[in-house]
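Single-letter residue listing:
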Amino acid sequence: MLTKARLKEVLSYDKATGIFIWRTFVNNRVLIGSKAGSIECSGYLSIKIDGKQYKGHRLAWLYEYGQFPVDQLDHEDHVRHHNWLTNLKPASNSSNGKNQSLRVDNKHGVTGVFFRGSKWYAQIFEAGVNHHLGSFNTQAEAVLARQAANQKYGFHENHGASSCIPHNPPQGVIIMARTQSKILSKADQKVATAAAKD
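Everything numeric here is computed off the predicted structure, so don't read it as measured data. (Residues numbered from 1 in each chain as written. Predicted model: local features only at pLDDT ≥ 70, side-chain atom pairs only at ≥ 80, totals over all residues. Heavy atoms only, no water.)

Participant: Break down the packing of aromatic side chains for me, with residues and values.
Facilitator: Think of a pair of aromatic rings as described by two things: how far the centres are apart, and how the planes are tilted against each other in angle. For the coordinates displayed, the defined rule picks out six aromatic pairs. Between the aromatic rings of phenylalanine 114 and tyrosine 121, the centroid separation amounts to 5.5 Å while the plane-to-plane angle is 15°, which identifies the pairing as stacked. Members of the aromatic cluster, joined through ring pairs, are Tyr13, Phe20 and Tyr63. The aromatic ring of tyrosine 63 is capped on one face by lysine 8, whose charged end is 4.7 Å from the ring centroid. (Phe/Tyr/Trp six-rings, centres within 6.5 Å; stacked < 30°, edge-to-face > 60°. Lys NZ or Arg CZ within 6 Å of the ring centre and 35° of its normal.)

Written out as structure tokens, the structure reads:
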């Protein structure tokens, strides 16, 4: 099993950036001083050490705390290869489910809000139970009901946000990406777009 000592022998880790750098020559494809690993189709950073593949976020935890995480690690910003230490939080399966990205098949831009017939509906799935939050005349009313339920059931503020947040986006873009539940009026959209350009 990989130890902290062996990990530190072959890699250096910058906890502020989440980047791993090779310290030693481990095979013909490794250049000392180069970035370690590659991003898998799933979005996770993967690094091969001593013939075994490891996820970057789990290596970051081992590097800093001397042991692999007992359970899961949650990437707070939803980007699976963003492995700086402050972005990684220990999580159970249940708590990790309260900080998930917006699904790619979501048609309305807000988790748990959908349109059927002539009404907007809000729902939340928590502790194995699907809670119907009501039917509404407007999307904004359904979004407010879902936001209230997110707070009531302890969902993370980023739950339902896009996972396509750039590494160093302009401040306006962060605000827009992290407030996915806010329905922006055309005037608000113009202000946010102008702020993102500054």
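Let's pick the thread back up.
Participant: Describe the nonpolar core, listing the residues and the values that go with them.
Facilitator: Ranked by size, the top nonpolar core spans 22 residues in total, and within it Leu11, Phe20, Ile47, Ile49 and Leu59 carry the most contacts. Contributing elements (two or more residues each) for this core: α1 (4-10), β1 (11-14), β2 (19-22), β4 (45-49) and α2 (56-65). Setting aside anything within four residues of it in sequence, one finds leucine 59 in contact with Leu2, Leu7, Phe20, Ile47, Ile49, Tyr54 and Phe68. Within the second largest apolar cluster, eight residues are counted, among which are Val110, Phe136, Val143 and Ala145. (Core = buried A, V, L, I, M, F, W, Y, C linked by side-chain atoms within 4.5 Å. Buried < 20%, exposed > 50% of the residue type's maximum accessible area, 1.4 Å probe, protein only. Helix = DSSP H or I, 4+ residues; strand = E, 2+ residues; numbered from the N terminus. Contact = heavy atoms within 4.5 Å.)

Participant: Now, about the pairing of strand β10 (residues 129-136): what can you tell me, with residues and values included?
Facilitator: Where strand β9 (residues 119-126) meets β10, seven bridges bridge the pair, whose relative direction is antiparallel. Its bridge partner being in β10, phenylalanine 125 is matched across the sheet by asparagine 130. Hairpin connection from β9 to β10: two residues lie between these consecutive antiparallel strands, with alanine 127 at a positive phi of about 55°. (Pairing = 2+ DSSP bridges.)

Participant: Any chance you could break down the sheet that holds strand β5 (residues 52-55) for me, citing the residues and the numbers?
Facilitator: Taken in spatial order, the three strands make up an open sheet running β3-β4-β5, and their pairing is antiparallel. Both outer strands of the open sheet, β3 (38-39) and β5, are each paired with one neighbouring strand and no more. Examined bridge by bridge, β4 and β5 share four bridges and lie antiparallel to one another. Each bridged residue has a counterpart across the sheet, and for serine 46 the counterpart in β5 is lysine 55. Contacts between α2 and the sheet are confined to β4 and β5, with β5 contributing the most and set at about 85° to the helix. (Axes fitted to C-alpha atoms, helices over the stretch in contact; angles between N-to-C directions.)

Participant: Account for the side chain of histidine 75, with residues named and values stated.
Facilitator: Among the secondary structure elements, histidine 75 is positioned in strand β6 (residues 72-75). There is a polar contact of 3.1 Å between the side chain of histidine 75 and the backbone oxygen of arginine 80. (Polar contact = N/O pair within 3.5 Å; in protein donor to acceptor, adjacent residues only side chain to side chain.)

Participant: Before we move on, can you summarise unusual backbone geometry with the specific residues and values?
Facilitator: Although it is not a glycine, aspartate 50 sits at a positive phi angle of roughly 50°. For aspartate 50, the location among the structural elements is in the loop between β4 and β5. On the accessibility criterion, aspartate 50 (55% relative accessible area) is exposed.

Treat this as a map of the structure, not an account of what it does.
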